Structure formats: structure tokens, C-alpha cells
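One-letter residues, chain by chain:
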Amino acid sequence: MKLVTAVIKPFKLDEVRAALLAFGVQGMTVSESSGYGRQRGHTEVYRGAEYTVELLPKIRIEILVDAEDADDVIDVIVRAARTGKIGDGKVWAVPVENVVRVRTGERGPEAL
Amino acid sequence: MDEVLELAPGDTAWLLVSASLVLLMTPGLAFFYGGMTRSKSVLNMMMMSFGAIGVVGVVYVLWGYSMSFGTDAFGEGTAGIWGDPFEFWALNGLLPGTDEADPYALSNSLLTGIPAIVVVGFQMTFAIITVALISGSIADRVKFSTWLVFTGAWVSLVYFGLAHMVWGGGLLSGDGPFGSMFTDIAPIDFAGGTVVHINAGVAGLVLALIIGKRRGFGKEPMRPHNLTLVMLGAGLLWFGWFGFNAGSAGAADGLAGLAWVNTTVATAAAMIGWLIVERLRDGHATSLGAASGVVAGLVAITPAAGALSPVGSIFLGLIAGALCALAVSLKFKLGYDDSLDVVGVHLVGGLVGTVLIGLFATETGLFYGGGIGQLVVQILVALVAIVFSGVLTLIIGLILKVTMGWRVTADDEVEGIDITQHGESAYDLDPTASGSGASGVLANATKKQGAQA
């Protein structure tokens, strides 16, 4: 089992979600997050005073998948989330030791 | 009294409506200022305006009106600075129905045909908004208790003083020394450029200097947390300002109509003036700039609303909007933290309006062949207002600094003045976010664990 985590631009969430649903992903956890990569933040001007906003709003998606699906899921996310401009985000996968479905107590791949 | 005093129902109705409009400006100001603060201090910012309504509303009825419009406190022909606080104490002699021959107390009224008690209500709302305006310069860092004491002391000594000088037949009125400098020229302050805006602007500057900067000023970003609130507040202020300016005609007549139209075109032009400066200087025409330009225009036209033509008002508005847009950067160059630009908008806007009357007034202005007299008188009156407000605010501010103290503690200020001064947080949008208010489920869970430990 693997945990795929994606940090993407907020307005891309609907496209990514639809693409994952079409691929067959059953569920996900989505949270609002903020951060920056090589693009750094941006500047805003209020009454002539310039502020550097260093942390930009992002969406973080977490999905638990079978190990053999992980690369495909990553591809689906990358295709849907890409705009080609700076700040598109990152996707990565890490191995997961165990998963338990809270309602039934199922463990391992059955709980996915 | 031989003349027959007759009630003017139409004028009375308009003044009651105007008073209600002007009162609405103070909650409007609370939105305008509140949106510009950080989210951890919006409630305190709004409470400073509401607190001003509380204190000044009470004070005005007891001695405020009397100190503004009573006869000179120290006898006829003396300083002409304050009115006698006891002449109309608790509105004695101004209430309707107490005198059978004059059931509306019209003989004691400032305005022909309008019951004295209606004028009291109208004038009260001006005192309230003026004090509330000051709060913008000292956002995020002041004890609420000290602010309330300040509002009572300041409105009594400074506001009622200037109101008496300008509108109550005192030092800066047509009856004073500046009224007799030139033949047929009296100082013009239609609705409160000196009494309200220069006054509040100077007081804001003095308090910002006494109280000091917000922690992190100039280093941390302190951007406005909700610009839609700012736009809403600007809209409410504009709406209420019709009562302020057109109501100051004192009747439902052509002068009121002129003031209404001048108020609108000057404000429209000022918004454009501000946006042009922003577009050229910063690259964008912003919503905060539009809202600020609106207020700058409203401020500038306030003293001039009855004395200019609508075309003159357009020029006044453009100049005011552009100058105020440039003036708001001064605080960074000079290093004082006038948090929400009370100086840049109200002092500068009030000065622009008050002084330019000397050029644009259709009857006496320099551009209309009236000579230099009006301009000189307007500048002198503005200077007296600046000195009077500056000195007295300095004294009141310093006394409060050594007695009650102005600042909340450093920790309280950093954590957020809403939660530490009022025990509330403004927003609960994300149930898991602890934010500055520490109100979410995660915060509660943490608290419970702490209690068990």
C-alpha cells in the first residue's frame, strides 16, 4: 500500500478529483494548505505599501492506494493538475505499513 | 419675542432623517476600519466605534450640546472657546412641551422652524462620528477602557470646543476675529471640515505618536483582512454622508440639493483621482484605493458642500483623491504608525477641502474674482484648529498614558486584541483552525488534554 500526496493549485481541485474518480479512486482526503516552492510568493500593494506574501494557498490531497496503482494515480493527478506555469505543485508517494477501516476493523489492502 | 415662531414640518422631517443617516455613518466606519485591520483585531476596531456611540451619546445630552452651542463659558465676548456647560445642562430649555407659548422650543433652536430637540439629535451624531474617526490611527494595540475614557474627555474638551468656535458663535465663526478681517468674508465650514476632519486627523496623529507603533510595524505584513467589509463600510459612509452634508443645509431646500450633488460628484471624482495615482504608481487600480478615494472625497467636500458649484466640486474631488493617495505613504517615510491612515485621509482631505474653498467658493473664492481674503481666512482657521486640537489632545493623551496606560501588554497584542480585550474571536470559518481566536475543535481538544494533565 502507498500514500499518494499531492499539493496542487486550489482551482485545479475539481479537475483532479474528476480525473481520479474516472480512474477508479474511491476516496480521498483534501485539506487547505499553504506554502511555496521555487516561485516564492508574490507581492500585493495596499495603499501604496508593498507586502510580500510568501506562503501561497494550496490544496493538499491524500489518497491511500494499492502499491501497484501508485504510479498510475500519480500520472492521473499530474495530467489533471498541470497548467505549465510556476506553482503547479508536487506529487509524491510513500509506503504505508498498515491501514484500518474504522467502521469494520478490516486491516491491510481490504481496508482501502 | 414678537415674531411668530412656526414649526416647519418639512425641514424638521429632513433633519430627523439626516440625523439618522449620520448616526449610521459610525457603524459604517466600523466596517470600513474593521476590514482594514488584521483578522485578530477586527472586533476591537469595530468596538472602538460602537464605544464612541455609547460614551458620546450620553455625554452629549448632559453637557455636550450646552458646551457646543451655549453662550461663552467665561462670559460674553471672552475667549469664545467653550460654551457654558450648565446653560442647557441635560437639555434644560430645549425640550418640547414645557413652554405653552413655544411648545417646540423654537426660540432656543439654532435652525428656523426646527424644534431644538431635533437639532440636538442631529448635532449629537456629528460628535459621535468625529471621535470614532480617531480610532483608526491606533488600531490593534489600545486598552478598551482607556479608549472609552479618552472619548469622553476628548469630545468634551476638544470637539465641543471646536464646535463652539466654528458653529456656536465662537472664535472661528463669522462673529470672531477672523470674521472681521475682511469685509463680507466669514470663515466657511459648511458641515465640519475643521470641526470634524482636521480635528480628528490631528488627534489621530498625536495619539499615534504618543501610543507608538504596532509590534512588527514595517517588518511584518499587516494587510487588510477583509476588503469586502471595507467596500461595504465605504458605501454606508457615503450614504450616511448625505445626512451630514445635505442635512447641514438646515432645511429641505435648494442648498440641501446643491450639497447633495456636490457631495456625490466630488466623491466620484476623488475615487477616480485616487485610482489614477495608484495605477501610475503601483500598477493596479485597487478596491481599497476606490474605497479610500470615496472617503477622501467625502471628507474634502464636507466643509465646501454649500459653497461650490458642482464643477468646482469635481476639481476639488480630483485634487483631494490624488493628494490623499500620495499622503498615505508618508507614515512609512516619517516612521509613525497611523494604522488606517486617519492623517492621510482625514487631516489631508480636511485641509484640502477647507483651504481650497478659498479658491473655488462661487461667491468669494479667488478663481471667481473674490480676491485673496477667503483663502487667507480659511488657512488661518485651519491652523488654529490644528494647534487647538493638537495641544489639547497631547495633554489628554499624556495624562492617560501616565495614569491608565494606553497599551495592552506585548503578549496580548501579539495573540490578538479581540481575544485578550473582549474574549471573542470574529470568525469561526474553519472548525479545525485554532487561528488567533483558539476557538476550534482542535483547540478544545488541546484544552481538555491540558485539564487532565
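None of these values were measured; they are calculated from a predicted model.

(A) Just the overall build of chain B, in detail. A tally of regular secondary structure across chain B gives 15 helices and zero strands. Here chain B has a C-alpha radius of gyration of 22 Å; the compact-globule value for 453 residues is 22 Å, and the two agree. In terms of overall dimensions, chain B has a C-alpha envelope of 85 × 55 × 40 Å along the principal axes. By residue count, 55% of the 453 residues in chain B fall in the buried class.

(B) Expanded view of the sheet that holds strand E5 (residues 56–65) of chain A. Residues and elements named next belong to chain A. With antiparallel pairing, the four strands of this open sheet are ordered in space as E2-E5-E1-E6. The open sheet has two edge strands with one neighbour each: strand E2 (29–35) and strand E6 (89–95). Going from strand to strand, the sheet's axes swing by 20 degrees on average, the running direction of each strand aside. Here strand E1 (residues 2–8) pairs with E6 via seven bridges, running antiparallel. Directly across from Lys2, in E6, lies its bridge partner Pro95. Against the sheet, helix H1 (residues 13–23) contacts E1, E2 and E5, and its axis sits at roughly 10 degrees relative to E5. Packing of helix H2 (residues 70–81) onto the sheet brings it into contact with E1, E5 and E6, and relative to E1 it is tilted by some 10 degrees.

(C) Just the UniProt feature "modified residue: O-UMP-tyrosine" (unreviewed entry) in chain A, in detail. The feature "modified residue: O-UMP-tyrosine" (unreviewed entry), as given by UniProt, occupies Tyr51(A) in the numbering adopted here. Residue position: Tyr51(A) is located in strand E4 (residues 49–53). Apart from the residues within four sequence positions on either side, Tyr51(A) is in contact with His42(A), Thr43(A), Glu44(A), Tyr46(A), Glu220(B), Pro221(B), Met222(B) and Arg223(B).

Parameters at a glance
- Residues numbered from 1 in each chain as written.
- Chains lettered and ligands numbered in written order.
- Predicted model: local features only at pLDDT ≥ 70, side-chain atom pairs only at ≥ 80, totals over all residues.
- Heavy atoms only, no water.
- Helix = DSSP H or I, 4+ residues; strand = E, 2+ residues; numbered from the N terminus.
- Rg over C-alpha atoms; globule rule 2.2 N^0.38 Å.
- Buried < 20%, exposed > 50% of the residue type's maximum accessible area, 1.4 Å probe, protein only.
- Pairing = 2+ DSSP bridges.
- Axes fitted to C-alpha atoms, helices over the stretch in contact; angles between N-to-C directions.
- Contact = heavy atoms within 4.5 Å.
- UniProt positions renumbered as here; feature names shortened; annotations may be inferred.

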